[in-house]
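# Structural description and commentary
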Amino acid sequence: MADSFPIRRIDHVRHYVNNARQASYFYQNVFGFNITAYNGLETGSKNQVDYVLEQNDLRLVFSAPLRPGHPMAHAISEHGDFVQDICFEVDDVDWAHKTAVSRGAESGAEPVTWEDDHGTVRYAAIKTYGNVVHGLINRDKYNGPFLPGYRPENIPGDPIGLIEVDHCVGNVELGKMNTWVKWYEDVLGFANLISFDDKDISTEFTSLMSKVMASGNGRVKFPINEPAEGKKKSQIDEFLEFFGGPGVQHVAMRTDDIIHTVSRLQARGLSFLKVPRTYYEALEERVGKIDENIDELAELGILVDRDDEGYLLQIFSKPVTDRPTIFYEIIHRKGAKSFGKGNFKALFESIEREQELRGTL
Ligand code: FE2
């Protein structure tokens, strides 16, 4: 089937934060990103500052307002630090923007050309759920650092084998999952890869529903969650309450050596959700033979799941912000293309123990 909205890749994930200098220091020192470009007062940007961080094919941007009354400051006061743009690299920005709008998307930014001595970059954006946009970018005619106006930086991190964005998960309000599923189908030609209902994803107390949407070439994967009725407040309700509406819940970053990656992250102080020891006692029975040493996985708290095509290893951080909102997943795929359904129950019970501590269950 022809791809009705070709997307090359996720170009970058932009966060709006209160303090981009400190946020970039955290991502550099914990996740090992290199700081590669900067935009701010010194480069002639009077109202906002931007730090660009890279590791292999992952590119994160941290942007902060420099003055009161900036629209960015308003959004941050609403949500706390948040993912604002999951930006797609496309062949033709004007075609992509026009096509998306004609299929029902709301424009987030009209096509614009940015220019400096290194060439030109074309950018536009469309709005998705909450205050999140999908930028549409093409940098084929540009050979400078990130975007025109930015200066190169060379502040190396100590990379830990993070390769690329595996998937980005959005939390939306009760009853809105199918609205956004249809939006991704209609506007971006995505297909529904997998669905999970409240029977797949439920514990004694809480449940949620999720559908995984994938782009035409399969490179971009967006699970969309909504809360389902449960005895107590679900983690999705908790997110929606503290975030102030729908938004990006987690970004999964892919590694090819999860033991190395997670050992380094833990040594550098990133906190992860833990499952009980009993999870590992039943592991081999559930997933069969795996290459990794189970004691080592248990020590680090890494989870394993198997599907028809292979298995995957994954682990989830605790929220990285003060609000119980955004967190990270580290995922290592060994053939499996799924999302760890076999781990949902153990995982959500672990999240509930955290919610209990926060008094938000
Ligand atoms: Fe995930």
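Structure's up top.
Report on the accompanying structure. (Residues numbered from 1 in each chain as written. Predicted model: local features only at pLDDT ≥ 70, side-chain atom pairs only at ≥ 80, totals over all residues. Heavy atoms only, no water.)

## A look at the side chain of Ser350
Examined against the element boundaries, Ser350 turns out to sit in helix H10 (residues 344-358). Within polar-contact distance, the side chain of Ser350 engages the backbone oxygen of Lys274 at 2.9 Å. Among residues more than four places away in sequence, those in contact with Ser350 are Leu273 and Lys274. (Helix = DSSP H or I, 4+ residues; strand = E, 2+ residues; numbered from the N terminus. Polar contact = N/O pair within 3.5 Å; in protein donor to acceptor, adjacent residues only side chain to side chain. Contact = heavy atoms within 4.5 Å.)

## Topic: the nonpolar core
With 100 residues, the main nonpolar core has Phe31 and Phe88 as its most contacted residues. When residues of this core are assigned to their parent elements, the largest contribution, 7 residues, is made by helix H4 (residues 177-188). Both domains that furnish three or more residues to this core are identified here as domain 1 (9-155) and domain 2 (162-358). Ignoring anything within four residues of it in the chain, the contact list for Phe88 reads Ile7, Arg9, Asp11, His134, Gly135, Leu136, Ile137, Leu188, Phe190, Val220 and Phe222. Of all hydrophobic cores here, the second largest spans 13 residues; its members include Val52, Tyr123, Tyr142 and Phe146. (Core = buried A, V, L, I, M, F, W, Y, C linked by side-chain atoms within 4.5 Å. Buried < 20%, exposed > 50% of the residue type's maximum accessible area, 1.4 Å probe, protein only. Domains from an automatic or database assignment.)

## Quick notes on the coordination of the iron ion
Those protein atoms acting as donors to the iron ion are His167 (NE2), His250 (NE2) and Glu329 (OE), and they sit at 2.0 to 2.2 Å. If you list the donors of the iron ion from N- to C-terminus, the spacing comes out as H-x82-H-x78-E. With a gap of 83 residues between them, His167 in strand S10 (residues 162-171) and His250 in strand S14 (residues 247-255) connect regions that are remote in the sequence. With a relative accessible area of 3%, His167 lands in the buried category. (Donors = N, O, S within 2.8 Å, 3.2 Å for Na, K, Ca; no water.)

## Here's the deal with the sheet that holds strand S5 (residues 82-89)
Read from one edge of the open sheet, 9 strands run S6-S7-S8-S5-S1-S4-S3-S2-S9, paired in mixed fashion. Both edges of this open sheet fall to strand S6 (106-116) and strand S9 (151-155), since each of them pairs with a single strand only. Direction aside, the axes of adjacent strands within the sheet are offset by 25° on average. Pairing of strand S3 (residues 48-55) with strand S4 (residues 58-65), which is carried by 8 bridges, proceeds in the antiparallel orientation. Each residue of the ladder has a partner; that of Tyr51, found in S4, is Phe62. Packing against the sheet, helix H1 (residues 20-31) makes contact with strand S1 (9-16), strand S2 (34-39), S3, S4 and S9, and its axis sits at approximately 10° to S3. (Pairing = 2+ DSSP bridges. Axes fitted to C-alpha atoms, helices over the stretch in contact; angles between N-to-C directions.)

## Side note on H1
Spanning 12 residues, H1 covers 16 Å between terminal C-alpha atoms, matching the ideal 16 Å at 1.5 Å per step. Along H1, the residues classified as buried are Ala20, Ala23, Ser24, Tyr27, Gln28, Val30 and Phe31. Looking at the residues trailing H1, positive phi occurs at Gly32, about 80°. (Expected span 1.5 Å × (residues − 1).)

## Regarding the packing of aromatic side chains
A complete count under the given rule lists 25 aromatic pairs for this structure. With a centroid separation of 5.8 Å and 75° between ring planes, the pair formed by Tyr27 and Tyr328 is classed as edge-to-face. With Tyr27 in helix H1 and Tyr328 in strand S17 (residues 327-334), this residue pair connects regions lying 301 residues apart in the sequence. Judged by relative accessible area, Tyr328 falls into the buried class, the value being 1%. Taking 5.6 Å as the distance between ring centres and 70° as the angle between the ring planes, the aromatic pair formed by Tyr184 and Phe222 counts as edge-to-face. (Phe/Tyr/Trp six-rings, centres within 6.5 Å; stacked < 30°, edge-to-face > 60°.)

## A closer look at the pairing of S1
Buried residues dominate S1, accounting for 8 of its 8 residues. Across 7 bridges, S1 lies against S5 in antiparallel orientation. Note that in S5 the partner of His12 across the bridge is Cys87.

## Observations regarding the pattern of salt bridges
This structure, assessed with the given rule, holds 27 salt bridges. Here Asp91 makes a salt bridge to Arg8, at a shortest N to O gap of 2.7 Å. In this pair, Asp91 sits in the loop between S5 and helix H3 (93-102) while Arg8 sits in the segment before S1, placing the two residues 83 residues apart along the sequence. Its salt-bridge partner being Lys334, residue Glu292 comes within 2.6 Å of it at the nearest N-O pair. Of this pair, Glu292 sits in the loop between helix H8 (283-287) and helix H9 (294-300) while Lys334 sits in strand S17; the two residues are 42 residues apart in sequence, bridging distant segments of the chain. Here Glu292 falls in the buried class, since its relative accessible area comes to 13%. The partly exposed category is assigned to Lys334, whose relative accessible area is 26%. Here the salt bridges do not stand alone but share partners, grouping Arg8, Arg9, Glu89, Asp91 and Asp140 into one network. (Salt bridge = Lys/Arg side-chain N within 4 Å of Asp/Glu carboxyl O.)

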